[in-house]
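# Fold and geometry: a report
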Amino acid sequence: MRIVASVLLQCLLSELVCPSGDEGSCVVPVAPHDAAAEPKASAYMREDTRQKKTGAHITRVESPALETNSSMMGEDQEDAGLVAWDMWAVAFVMIVVATLRHDPECPDNKMYVAVCGSVSMGALVAHPFLDQSIINPVMLGCLAFVSAPLCMKLQNGKAIIRVPEVPVMKAGKEFYARQPPAPSPSAKPHNISTYNVAISNAAKAGEVARAEQLFNEMSGAGIEATVVTFNAVLDAAARAADSDKAGQWLKKLVAHPSLAPDVVSFNAAISSAAKVGKVDKAREFLTLMKQHKVKPDVISYASVIDACSKGGSADEAAHWLEEMTKDGVEPNVIAYSSVISAYARSGNVAGAERCVRAMAQRGLEPDLICYNSVINACAKVGDADKAEAVLQTMRKHNVSCNVVTYNAVINACAKASDVMRAERWLQDMEKASIPPDVISFNAVIDACAKVGNCDKAERYVAKMVGAGLSPSIVSYNTVVNCCAKTGQLPRAEQWLVRMQRQGVKPDVVTFGILIDACARTHSLDKAEKLLDMMTKEGVEANVVSFNALINACAKSGDVGKAEQWLDRMERLGASPDTISFNAVINACAKAGQAARAEHWLKQMLRRSIPADMISYNAVIDACAKVGDVQRSLKWLETMIQEDIAPNVVTFNSVINSCAKSGDAAGAQRAMQQMRKAGIEPNVVSYSALINSCVKGGDKAAAMGHFRDMKGAGIKPDVVTYCTVANLHAKQGDWREVEQFMDQLAQDGLKMNEYCFAALLGAYAAASPRQGDAAERAFQDMVRSGLQPNRIVVGSLLRACGRPRAQQLCASLGVDLDAAADRGPPQRRPNDRNNPNYGNRGRQQQQWTRSDWGPRSGGRW
């Protein structure tokens, strides 16, 4: 047993050197001493309360058992030193080393213990960089247990050792160290193993600078580095995800005259790039690896695949998986998981499933991470059915689901706007004894928000609190967004106050949602107050916040305010982007200020801010609104020269500018150019073209384009019918107008103010005038909830005369004079795509042939 002990202790202390000539002392760095936590020491273990210059405690342990009994060993044995040590002494030294810690209060980060005895073996200084993981605490416990004289326990991470009194032994010399013994000039420096372990410890902490410092110290001490040393520094760079630093050290290793990088070296470099998704860098390291005839292993390829996955390049990840197989390297589950994760990030469910099948063909069982990635892919595209099917497959193969699994399925249901299924899976999660977390509840709240169910979203916030969870900023923002999107701005503002009371600080997203809601409700003043509140809350407004406010100005038609906020945005340090300028240009376009719209587009180009299709379309539309065909065509030409492809909206604006000026030939040329560019005309295109003919008084051409439109399978909308109806109304051809209104009803459309204006205009322009029909039409218009305007009243007065019109309005409760002062309703941008354009939410009567009045007197 003593021989075994000797060998063990010799192995442990083989790297220790003796810088001083003090015999009988072993100086070992240990954890800081905690006097309060340690029981009262025995006579053989006591604490010296004196302190080093640094103020750290020094522990002195008297160990009579270390004293050599002259009857047990002779002089030669005493010189040999280690033979007579008992097993408990070995355990003692190992425990001291195992409790190695750094003391933050001590500049040199070391504490010292003096182990006293009279063994003639010289002073031993322990390795200052020994890794505490070298000694297994379980092994130490076993050693201590079998060593009868030793009583040991661990308390607060420290080894508390009591050495029982051994009567046959006498107290030896007492030595203690107040500070590390200064190495003598003749002392042997630390060797390569010392530095390798030290650099490895720095690597584990991700301290690249420390690892480099140790490497340089080693080189300065004349110690030659090995591949292991370089690999330790490369590992530090990999753990810190510093691919540039890894590349520098790999280059140094490659250039070394006597060393060559191995597979570990290259894998560390590739890993440094993979951690941050630098695909090019990872690919470069792998190529360099092959150039130096180092065969990549499964870790090499898996790291490159992981880099592709993090970089969002699923196809390249799959490519490297194939290359891995071609190179004779068998893919493992980790490699497949990375490819599946890459497909999941892009929402490619088919690709993720393909990888799972390939795994099965190679005899690899997909693990929890693989299945979760596939479900996440389903969640990305809102495929709740597929997500549920994958979860059932997991259960079939006895793969336990975790909170991530359920969260992904609930998220898939949320993306599909399926609240009931999201709720069901939340309940199923609880039944499986998996407590939902904040992410689980947030997914259900998101599902409620997507369908505009604010009440249920609020209830789930309450359930989250009831489950002992604190709603996150995402929880509150989702509810705020739900209220804002449903037009409940006051309710959204209440949630802002509530989250502040709960100690959750609103972020830039919160304020962005509310400012955007103000823009939609034209609440410009409130939007500006929110931006001021944002500043007071210490939330830095970003370009999105300012864009929302500028958009609010644009929607309110306040060009001046939009321009002011763009200027203030720059003064506050936020750089305007394309969206910022587009909002201002759009505000100018809506106000018909073509010159200002052009000014801001030129400013964009001057500042090298990329103008897009929206920018040019807004300027062309501004020119169209004032009927300036030449300026519209000029900007269309500039747009094409800048390699920005025009779309149907662009050409429609040009055709509309021609229509405004009655240039039917120009509108026709724009339509031809549109087809030449491979863009098919839509209902707006034909309506503008027909309007250009109407403005030019070319009835035949207008009706020809109307027939072409229907022949091309394009269904006319309310605007189209009103345009052709107006053409006939001007000529008093009321029967034709009635036929168009009949076709409008057959197409499922409803008459609006413009339709009634055209019909009443036709009755007024007829010869003879159709007063009775005009009266009945006016009655039906009012009863349908539409408000008469000056165009309608003017036609009614011409068709019936003022006395009759006044009597009719009085019977219907309409103020004739007020109606005569009322302008026509404003068209909204999205009205042209709305089949119920002009309805404005009111129930209008949809007329059929049976509702017609006497044919001799017109439909009404």
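Before any of the text, the structure's been laid out above.
Predicted, not measured: the structure shown is a model, and the values here were computed from it.

With that settled, the discussion passes to the environment of Met751. Along the chain, Met751 falls in the loop between α36 (734–746) and α37 (753–765). Residue Met751 is classed as buried on the basis of its relative accessible area, which comes to 4%. Distance from Met751 to Val718, taken between C-alpha atoms, is 7.4 Å for residues 33 residues apart in sequence.

Let us now look at the side chain of Ser272. For Ser272, the location among the structural elements is in helix α9 (residues 263–274). Separated by 2.5 Å, the side chain of Ser272 and the backbone oxygen of Ala269 make a polar contact. If near-sequence neighbours (up to four positions away) are discounted, Ser272 is found in contact with Ala237, Ala238, Ala241, Asp242, Ser243, Ala246 and Phe285.

So, on to the packing of α37 against helix α39 (residues 790–800). In a packed pair of helices, the relevant descriptors are the angle between the two axes and the axis-to-axis distance. Interaxial distance between α37 and α39 falls to 8 Å at its minimum, and their mutual angle equals 20°. When the axis of α37 is compared with that of α39, the two are roughly parallel. The hand of the α37/α39 crossing is left-handed. Of α39, the residues touching α37 (which contributes Glu753, Ala757, Leu760, Gly761, Tyr763 and Ala764) are Ile791, Val792, Ser795, Arg798 and Ala799.

Two elements in contact, α36 and α37, have axes separated by 8 Å at closest approach and are oriented at 160°. Classified by the angle between their axes, α36 and α37 sit roughly antiparallel to one another. Note that α36 runs across α37; the crossing there is left-handed. In contact with Trp734, Val737, Glu738, Met741 and Leu744 of α36, α37 contributes Cys755, Ala758, Leu759, Ala762 and Tyr763. Counted by class, the contact of α36 with α37 contains nine nonpolar, no polar and one charged residues.

A few words on helix α33 (residues 683–695). With 13 residues, α33 should reach 18 Å at 1.5 Å per residue; the first-to-last C-alpha distance of 18 Å fits that figure. Burial analysis of α33 places 10 of its 13 residues in the buried class, which makes it a mostly covered element. Where α33 is buried, its residues meet α31 (648–660), α32 (664–676), α34 (699–711) and α35 (718–729). Its side-chain oxygen 3.1 Å from the backbone nitrogen of Val684, Asn682 forms the N-cap of α33. Gly697 sits one or two residues past α33 and shows a positive phi near 75°.

Reading guide: rules and limits
- Residues numbered from 1 in each chain as written.
- Predicted model: local features only at pLDDT ≥ 70, side-chain atom pairs only at ≥ 80, totals over all residues.
- Heavy atoms only, no water.
- Helix = DSSP H or I, 4+ residues; strand = E, 2+ residues; numbered from the N terminus.
- Buried < 20%, exposed > 50% of the residue type's maximum accessible area, 1.4 Å probe, protein only.
- Polar contact = N/O pair within 3.5 Å; in protein donor to acceptor, adjacent residues only side chain to side chain.
- Contact = heavy atoms within 4.5 Å.
- Axes fitted to C-alpha atoms, helices over the stretch in contact; angles between N-to-C directions.
- Parallel < 35°, antiparallel > 145°, perpendicular 65-115°, else oblique.
- Left-handed = near helix turned anticlockwise from the far one by under 90°.
- Nonpolar A, V, L, I, M, F, W, Y, C, P; charged D, E, K, R; others polar.
- Expected span 1.5 Å × (residues − 1).

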